[in-house]
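Secondary and tertiary structure notes
If you want the building blocks of each chain, they are given just below.
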Amino acid sequence: MRKLKLEMQISADGFSASHDGNNDWMVWNWAPDWGWDEALRHHHEELTASSDCILLSRMMAEEGFHQHWQAVAEDSASPQSAFAKAIGEMRKVVFSRTLTASRWTNTEIARSDLAEEVDRLKREPGRDIIVYGGPILVSSLVEAGLIDEFHFIVNPALLGNGKPVLGALRKTTRLRLVDARPFPCGVAVLHYAKL
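Residues numbered from 1 in each chain as written. Predicted model: local features only at pLDDT ≥ 70, side-chain atom pairs only at ≥ 80, totals over all residues. Heavy atoms only, no water.

**Topic: the overall build of the protein**
In terms of regular secondary structure, the protein is built from five helices and ten strands. Taking 2.2 N^0.38 as the reference for a compact globule, 195 residues should give roughly 16 Å; the C-alpha atoms of the protein span a radius of gyration of 16 Å, in line with that estimate. Taking the principal axes of the C-alpha coordinates as reference, the protein spans close to 45 × 40 × 35 Å. Classification of the 195 residues of the protein by burial places 47% in the buried group. Excluding contacts between residues fewer than 6 apart, the proportion of contacts in the protein whose partners are at least 24 apart in sequence is 71%. For the protein, the accessible surface area stands at approximately 9900 Å², while carbon and sulfur atoms represent 52% of it. (Helix = DSSP H or I, 4+ residues; strand = E, 2+ residues; numbered from the N terminus. Rg over C-alpha atoms; globule rule 2.2 N^0.38 Å. Buried < 20%, exposed > 50% of the residue type's maximum accessible area, 1.4 Å probe, protein only. Contact = heavy atoms within 4.5 Å. Areas by Shrake-Rupley, 256 points an atom, 1.4 Å probe, with all protein chains shown as cover.)

Set out below in structure tokens:
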């Protein structure tokens, strides 16, 4: 069975964004200048390459995930171009109760029960599945016990308050630390597996 892996940037105090959605505190906040060092970029690219399907929330899809990576893929001078092309070619599943059809390439809309849909995807042949956010989708996936691995990219910033990585969970999810790895740019990646 395929694994569902979460990769998400967070602040050192556990927030995914400031209250106003600002992410300028991230070492790399999706800007053209990839602020991550080469080792972290390689780590991120390998993790993504271990998957052949991306799960997205409707909000993340509509706020520009597809457009961002398509524009980067078309810019051959960008150091992110090869990665962006791979993202564009991957199958994407957008979870939504309101969308009825996809307007994005290689993307399907999932309107059925989240747990049933993810279980079906996990049982399909292929590489693993990755989810990058957002917090509402991730919270629902955690609550349903569907995420197998957690890869938190911890940025060297304290926000004090903001949007938490996870919403209020009704139950505890126990994790096992697989790896904790610092990178020269100041980021640490914490890799956990579900017990």
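Read on, since the account is not over.
**A word on the packing of aromatic side chains**
Summed over all chains, the structure comprises five aromatic pairs. Seen from their ring centres, Trp28 and Trp36 are 4.9 Å apart, and the 75° between their planes marks the pair as edge-to-face. In this structure, Trp28 and Trp36 share a single accessibility class: buried. Taken together, the ring pairs in this structure connect Trp28, Trp36, Trp69 and Phe83 into an aromatic cluster. (Phe/Tyr/Trp six-rings, centres within 6.5 Å; stacked < 30°, edge-to-face > 60°.)

**Considerations on the pattern of salt bridges**
Tallied over the entire structure, the rule returns 14 salt bridges. A salt bridge links Arg120 to Glu117; its shortest N-O distance comes to 2.4 Å. Of this pair, Arg120 and Glu117 both sit in helix α4 (residues 114-123), three residues apart, which is roughly one turn of that helix. Linking Glu143 and Arg170 is a salt bridge whose minimum nitrogen-to-oxygen distance equals 3.4 Å. Of this pair, Glu143 sits in helix α5 (residues 135-143) while Arg170 is found in the loop between β8 (163-164) and β9 (175-182), placing the two residues 27 residues apart along the sequence. With relative accessibility at 73%, the residue Arg170 sits in the exposed group. Taken together, the shared-partner salt bridges in this structure form one network comprising Arg2, Asp52, Arg91, Glu108, Glu117, Arg120 and Glu124. (Salt bridge = Lys/Arg side-chain N within 4 Å of Asp/Glu carboxyl O.)

**Notes on unusual backbone geometry**
Omega for the bond connecting Gly133 with Gly134 falls within 30 degrees of zero, at 0°, which places this linkage in the cis form. With respect to the helices and strands, the residue Gly134 is situated in the loop between β6 (128-131) and α5. Positive phi, normally seen in glycine, also occurs at Asn106, with a value near 55°. Overall, the relative accessible area of 42% leaves Asn106 in the partly exposed class.

**Looking at the packing of helix α2 (residues 58-74) against helix α3 (residues 81-89)**
When two helices pack together, their arrangement is given by the angle between their axes and by how far apart the axes lie. Packing of α2 against α3 brings their axes to within 7 Å, and their N-to-C directions diverge by 135°. Our classification of the angle between α2 and α3 gives oblique. Viewed along their axes, α2 and α3 form a crossing whose handedness is left-handed. Counting all contacts with α2, which are made through Phe65, Trp69, Val72 and Ala73, the residues of α3 involved are Ser81, Phe83, Ala84, Lys85 and Ile87. The class makeup of the residues in the contact of α2 with α3 is seven nonpolar, one polar and one charged. (Axes fitted to C-alpha atoms, helices over the stretch in contact; angles between N-to-C directions. Parallel < 35°, antiparallel > 145°, perpendicular 65-115°, else oblique. Left-handed = near helix turned anticlockwise from the far one by under 90°. Nonpolar A, V, L, I, M, F, W, Y, C, P; charged D, E, K, R; others polar.)

**Considerations on α4**
Taken together, the buried positions of α4 are occupied by Leu114, Glu117, Val118, Leu121 and Lys122. Here the buried residues of α4 occupy an arc of 135° about the axis, which is enough to place them on one side. For α4, the exposed residues set more than 90 degrees away from the buried face come down to Glu116 and Arg123. With a side-chain oxygen lying 3.2 Å from the backbone nitrogen of Ala115, the N-terminal cap of α4 falls on Asp113. (Arc of directions from axis to C-beta. Polar contact = N/O pair within 3.5 Å; in protein donor to acceptor, adjacent residues only side chain to side chain.)

**Details of the nonpolar core**
Nonpolar side chains tend toward joint burial in soluble globular proteins. Core analysis: the largest hydrophobic core is formed by 27 residues, its most contacted members being Ile54, Phe65, Trp69, Ile87, Val94 and Tyr132. Mapped onto this core, the elements with two or more residues apiece are α1 (38-49), β3 (51-57), α2 and α3. Looking at this core, the element that brings in the most residues is α2, giving six residues. If we ignore the near neighbours within four places in the chain, the residues touching Ile87 are Thr48, Ile54, Phe65, Trp69, Lys92 and Tyr132. (Core = buried A, V, L, I, M, F, W, Y, C linked by side-chain atoms within 4.5 Å.)

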